[in-house]
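Take a look at the letters that make up each chain.
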Amino acid sequence: MILKCQEDSFLKEFTTKLVECIEDEFSISISAGTQIKIKGVGIILENTILFPEGGGQPCDEGVLRLEREGGTDELRVCHVFRRNGQVVHLVEERWDVPWNELLPGTPVHQLLSWHRRFYHMIQHSGQHLISALAERMFQLDTLSWCLGSESCYIELEQITEDQYKTLEIEANTFIGKDLRVSAHVYKEGDQELQKAKTRGLPEGHVGDVRVIEIENLDKNMCCGTHVSSLRQLEVIKFLGTGKKVFKKKKTCLLYFVVGRDKVFQKFDCMHKKEESISTILNKLPEEHVTSITDMKEGLAVAKKTVKELQKEVVMLIINAFKEEEPNPALFCLHRPDGDLELMNFISRQFKGMNVVLFLSIGEEEGNVLLEGPKDIITELAPKVSSVLIGKGVVSGNKFQAKVSRLSCKKRVEDLIREALTVQCRSA
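Only a predicted model underlies this, so the values are computations on that prediction, with no experimental measurement involved.

How should I be thinking about the sheet that holds strand β12 (residues 218–221) in this particular structure?
Where strands meet in a sheet, backbone hydrogen bonds hold them as pairs that are either parallel or antiparallel. Ordered by their spatial adjacency, 3 strands build an open sheet running β10-β11-β12, and the pairing between neighbours is antiparallel. The strands lining the two open edges of the sheet, one partner per strand, are β10 (181–186) and β12. The sheet shows a mean angle of 25° between the axes of neighbouring strands, direction not considered. Bridge count for strand β11 (residues 209–214) against β12 is 4 bridges, and the pairing is antiparallel. Pairing of Ile-214 across the sheet is with Asp-218, part of β12.

What is the right way to look at the packing of aromatic side chains in this model?
To describe a pair of aromatic rings, one takes the distance between the centres and the angle between the planes. Enumeration according to the criterion identifies 8 aromatic pairs in this entry. Their ring planes at 70° and their centres at 5.8 Å tell us that Phe-321 and Phe-350 sit as a pair that is edge-to-face. Separated by 29 residues along the polypeptide, Phe-321 in helix α5 (residues 288–322) and Phe-350 in the loop between α6 (340–349) and β16 (356–362) bring together distant segments of the chain. Joined through ring pairs, the aromatic side chains of Phe-10, Trp-114 and Phe-118 make up one cluster. Directly above the aromatic system of Trp-114 lies the positively charged group of Lys-12, at a separation of 4.3 Å from the ring centroid. It is Lys-322 that lies over the ring of Phe-350; its NZ or CZ is 5.6 Å from the centre.

I tried to follow the pairing of strand β5 (residues 79–83) on my own but got confused; where do I start?
Within a regular beta strand, the side chains point alternately toward one face of the sheet and then the other, so they alternate between its two faces. Across 5 bridges, β5 lies against strand β6 (residues 86–91) in antiparallel orientation. Bridging from a neighbouring strand, Val-80 pairs with His-89 of β6.

I'm lost on the pairing of strand β4 (residues 71–77) in this one. Help?
One ladder, built from 7 bridges, connects strand β3 (residues 62–68) with β4; its direction is antiparallel. Note on β4: the bridge partner recorded for Arg-65 is Glu-74. Linking two consecutive strands that pair antiparallel, namely β3 and β4, is a turn of 2 residues; a positive phi of about 95° is found at Gly-70 within it.

Before we go on, may I ask you to explain the nonpolar core in this structure?
Note on soluble globular proteins: their nonpolar side chains tend to be buried together. Leu-129 and Leu-167 are the most contacted members of the largest nonpolar core, which has 36 residues in total. Put simply, the parts of the chain that give this core at least two residues each are α2 (114–138), β8 (144–147), β9 (152–156), α3 (161–176), β11, β13 (236–246) and β14 (249–258). Take this core: its biggest share by element is 9 residues, from α2. Leu-3, Ile-43, Val-108 and Leu-112 belong to the second largest nonpolar core, which has 22 residues in total.

Can you help me understand the pattern of salt bridges in this one?
Oppositely charged side chains may form a pair once their charged atoms are brought near each other. Counted by the stated rule, this structure contains 22 salt bridges. For Arg-83, the salt bridge identified is with Asp-24, shortest N-O distance 3.4 Å. Of this pair, Arg-83 sits in strand β5 while Asp-24 sits in strand β1 (residues 13–31); the two residues are 59 residues apart in sequence, bridging distant segments of the chain. Owing to a relative accessible area of 28%, Arg-83 belongs among the partly exposed residues under this scheme. Note on Asp-24: relative accessible area 33%, which makes it partly exposed.

Sorry, what's going on with unusual backbone geometry here?
Comment: phi is negative for the bulk of residues other than glycine, and the bulk of peptide bonds are trans. A cis geometry characterises the amide bond from Glu-325 onward to Pro-326, with omega recorded as -10°. Looking at where Pro-326 falls in the secondary structure, it is placed in the loop between α5 and β15 (330–335). Phi at Lys-248 is positive, roughly 70°, even though this residue is not glycine. When you line up the elements, Lys-248 lands in the loop between β13 and β14. Residue Ile-389 is not a glycine yet carries a positive backbone phi of 50°. Note on placement: Ile-389 falls in the loop between α7 (374–388) and β18 (390–395).

How do you make sense of empty space enclosed by the protein when you look at a structure like this?
One simple way to see leftover space: roll a probe sized like a water molecule over the atoms. For the structure on display, the rule yields 1 cavity of 30 Å³ or more. Along the walls of the largest cavity sit Lys-307, Gln-310, Lys-311, Asp-339, Glu-341 and Leu-342, which together make up its complete lining. Taken together, the elements giving at least two residues each to the lining of the largest cavity come down to α5 and α6. In terms of residues, the lining of the largest cavity owes the most to one element, α5, which gives 3 residues. The class makeup of the residues in the lining of the largest cavity is 1 nonpolar, 1 polar and 4 charged.

What counts and what doesn't
- Residues numbered from 1 in each chain as written.
- Predicted model: local features only at pLDDT ≥ 70, side-chain atom pairs only at ≥ 80, totals over all residues.
- Heavy atoms only, no water.
- Pairing = 2+ DSSP bridges.
- Helix = DSSP H or I, 4+ residues; strand = E, 2+ residues; numbered from the N terminus.
- Axes fitted to C-alpha atoms, helices over the stretch in contact; angles between N-to-C directions.
- Phe/Tyr/Trp six-rings, centres within 6.5 Å; stacked < 30°, edge-to-face > 60°.
- Lys NZ or Arg CZ within 6 Å of the ring centre and 35° of its normal.
- Core = buried A, V, L, I, M, F, W, Y, C linked by side-chain atoms within 4.5 Å.
- Buried < 20%, exposed > 50% of the residue type's maximum accessible area, 1.4 Å probe, protein only.
- Salt bridge = Lys/Arg side-chain N within 4 Å of Asp/Glu carboxyl O.
- 1 Å grid on protein atoms, 1.4 Å probe; cavity = no way out; pocket = protein on both sides within 12 Å on 5 of 7 lines; lining within 4 Å.
- Points joined across faces, edges and corners; volume = space filled by probe spheres on them.
- Nonpolar A, V, L, I, M, F, W, Y, C, P; charged D, E, K, R; others polar.

None of this, on its own, says anything about what the molecule does.
Written out as C-alpha cells, the structure is:
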C-alpha cells in the first residue's frame, strides 16, 4: 500500500479513519541493530501522513486528534512503524476514553511535526543525489547510509581526497540546476523497474513498488519522503570521512549535512569550539594544530618518564623484599596507576624464585595477576574471581583476570596465605 505521506510528502494535515487500537508491548528500533520494548497503545488508521521508519529514514512524529461524542482527544505519536503489513502509530500516554471503546470508523485528524519531517526529507534526497553522482562520476556504489539527528553518512568502499572535493562541488552545482524530484509507482514485474537501482526490496515486500527519480540523473527504488526539487536542498556540506571495519572488511564513511539551517548550525558549533580551544590554549586559531601537537609530544615524553619512575619505585620495593630474612613466600603489590606492562615487568623480576605473586592495578575496576605453583594457582583462581567479581584464565602457573571489586583484594591475600599455610603443613 502506498501511504498518503508517500503520495504527497508536503502534506502537513490529513483526516482519516480509525481501524483499530492495540494495547501491547512493542519492539521499536532506536538505532541500527538496537531495539527496545515500549508498552503503549498502537493506533492503526486507514491511511497516514506519518512516515513509518524505513529505507534508512527515521519515522515521523506528530499528533492524532480523535473526534468523538463529547469532545476531542489529542494524542502525541512518539513512534511510527510497520507490523504485519500495517502502520502502527505508537502512543505512550493515557487518555480518558478507554481505547477499546473507540469504534472503527472514528474520524482521526493527523498533524505532522513538520520540522522533523522536512529535515529527514532534505537529508534523504541529498543522499540520493550524492550517491547518484558518486556512481556516475567515480563508479562508487553506496553500500549503506545513515540519517542521524546531527549529521548523515554514506558508506562507500573508498574515496580519494580529489574525488571528495569534486563530488561536493558537483552536488552543489546540481542543486543550482533545480532538477525535478518525483515519485513513481509501478506494479511488481513492470519493465520500468529494470531501469531503477536498488539494494533489494525489504524482506516480505508485496504490492506496488515506488521509485524516486531525480530528473535526468537517477532512478532509485525507495519508500522514503523526498523533496520535489533539488533547489529545496539549498546546500550540501561534506564533514569529512571516517573508517568502518566489519568482518575484517574496511570501508569509508562520507559524512554530510544538507540544508542551510543545518550547515549554519554546524558552523556556529565549530566556531564556538574554536573559541573555547583558543581560550584554553591561549593561542590563535591558526596556532591550534602546532600547539596541540607540541602538547601531545610532551605528554608522550612525560608518560615515558612516569613509567621509568614507576619501575624504579617498584624495583626498590622488590629489592627490599628479596633482602628479607627468611625469604617471604608471598609478594603482594597494588599500583592504582599501573598497567599490564608494569605487571609483566614485576613478574620477570621473580623468575626462578619460589614465591607466589599477587599483583593488581586500577582503582575499583582493574586487572590482577596471580603467579606461583600450578596447584595453588589452579585452586585459588575461581576463589579470586568470586571475591573480586572478575573473569580470567589460568595459563600454566599464572592466572590473569579483569575484575571489578579491587577493594576486596585484602581478602584474596588472606586466601593465598591460608593456601600457603596448608601446603606448608602438608609438606
